[in-house]
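Secondary and tertiary structure notes
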Amino acid sequence: MLLLLFFAVLEVALGQGPKTLILVSQGEYWWDEEAGLYEAALREELLRAGFRVLDAAQVQKVADRQLLTRLVQGDALAAITLATNFKADALVVSRVFTSRVLASRTNVATFYTYKATGDVRLVMASTGQVVGSWSPSQTGTGTSEREAAFAALRNLGKEVGQALRKQDFAAAGTNPVVRLTVTGLKSFTDASVLLRELSSQKGVISVERKSFANGVLEAEVVFQGPVDELAALLEGLRLLPLEVTEVSGFAIEARVR
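Since the model is a prediction, treat every value here as computed from it, not as a measurement.

Within the secondary structure, Gly36 sits in helix H1 (residues 33-48). What makes Gly36 buried here is its relative accessible area of 15%. Along the primary structure Gly36 and Leu153 are separated by 117 residues, whereas in three dimensions their C-alpha atoms are 9.5 Å apart.

Listed below in structure tokens is the structure:
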């Protein structure tokens with residue numbers, strides 16, 4: 001059994017816990033009893049720590065499944081986009097698996113033991129950078145497989161909630177990841193020249209090509225400074241002069257002059 005769970009931690013403020021949005025997915029379904037048990041245990045821990053938690057009805061309003069898929073795959077811009085949509089400061093992305101560990105028969109009944117294992121990442125919304133990750137697991141026992149799996153999920157939700165209470169949501173990362181789209185490139189060589197020159201500029205921490213097709217380059221740029229400064233820097237490149245056509249949030253669109 002595989003559950004995909006996303007937690008957007010919103011509005012971190014001095015002296016009070018963050019508001020928390022919990023998004024749940026299992027295949028084609030976006031809310032079910034199993035995911036609800038995990039969420040309820042996690043919610044209880046966060047509320048106990050002073051977090052403000054949004055309810056499931058608000059969670060289900062997230063309609064962009066592709067965006068969430070990209071988030072699970074580790075796309076930094078997907079994290080930034082989702083966080084921006086909800087005015088978030090941080091996201092916690094978690095994959096959770098359950099599996100049967102043991103079945104023991106007695107004269108009275110058969111007792112099942114299930115294990116729930118998570119892969120949890122804390123992502124800063126402004127940068128898309130992973131600043132914490134861990135892989136917790138918990139077991140649960142019951143007289144049916146369903147009961148045992150549910151117990152394991154509840155126990156894991158409680159543990160993850162307790163771990164989140166100890167995390168520093170204000171930590172790490174003041175350098176945004178910017179999605180750069182450049183059109184009008186004549187060849188892959190032009191794209192490579194552009195990326196090399198850009199990566200050598202002051203304030204540019206890293207440049208990663210995401211795709212190149214039909215003269216269009218998609219790249220992620222980690223820049224030490226405001227996005228507007230990066231846009232100005234792009235227009236100052238010499239080897240392949242660019243014209244910036246749009247700056248929006250953490251995205252820049254440009255074309256070759």
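Our next topic: the environment of Val178. If you trace the backbone, Val178 turns up in strand E8 (residues 177-183). Look at Val178 and you get buried, because its relative accessible area is 0%. Along the backbone, Val178 and Val221 are 43 residues apart, and their C-alpha atoms lie at a distance of 5.1 Å.

Reading across from one edge, E9-E10-E8-E12-E11 is the order of the five strands in this open sheet, with mixed pairing throughout. Whereas interior strands pair on both sides, the edge strands pair on one side only; in this sheet they are strand E9 (204-213) and strand E11 (242-248). Taking each pair of neighbouring strands and ignoring which way they run, the sheet shows an average axis angle of 20°. Where E8 and strand E12 (residues 251-256) come together, five bridges link them in parallel fashion. Bridge assignment links Arg179 to a residue of E12, and that residue is Ala251. Against the sheet, helix H4 (residues 76-85) contacts E8 and strand E10 (216-223), and its axis sits at roughly 110° relative to E8. Docked against the sheet, helix H6 (residues 188-199) engages E8, E9, E10 and E11, running at close to 170° with respect to E9.

A separate point is H4. Across the ten residues that make up H4, a large majority, seven, are buried. Of the positions making up H4, those classed as buried are Ala76, Leu77, Ala78, Ala79, Ile80, Leu82 and Ala83.

With six of seven residues buried, E8 lies mostly within the body of the structure. Note that E8 and E10 share six bridges and pair antiparallel. Directly across from Val177, in E10, lies its bridge partner Val222.

Each value, and the rule that gives it
- Residues numbered from 1 in each chain as written.
- Predicted model: local features only at pLDDT ≥ 70, side-chain atom pairs only at ≥ 80, totals over all residues.
- Heavy atoms only, no water.
- Helix = DSSP H or I, 4+ residues; strand = E, 2+ residues; numbered from the N terminus.
- Buried < 20%, exposed > 50% of the residue type's maximum accessible area, 1.4 Å probe, protein only.
- Pairing = 2+ DSSP bridges.
- Axes fitted to C-alpha atoms, helices over the stretch in contact; angles between N-to-C directions.
- Contact = heavy atoms within 4.5 Å.

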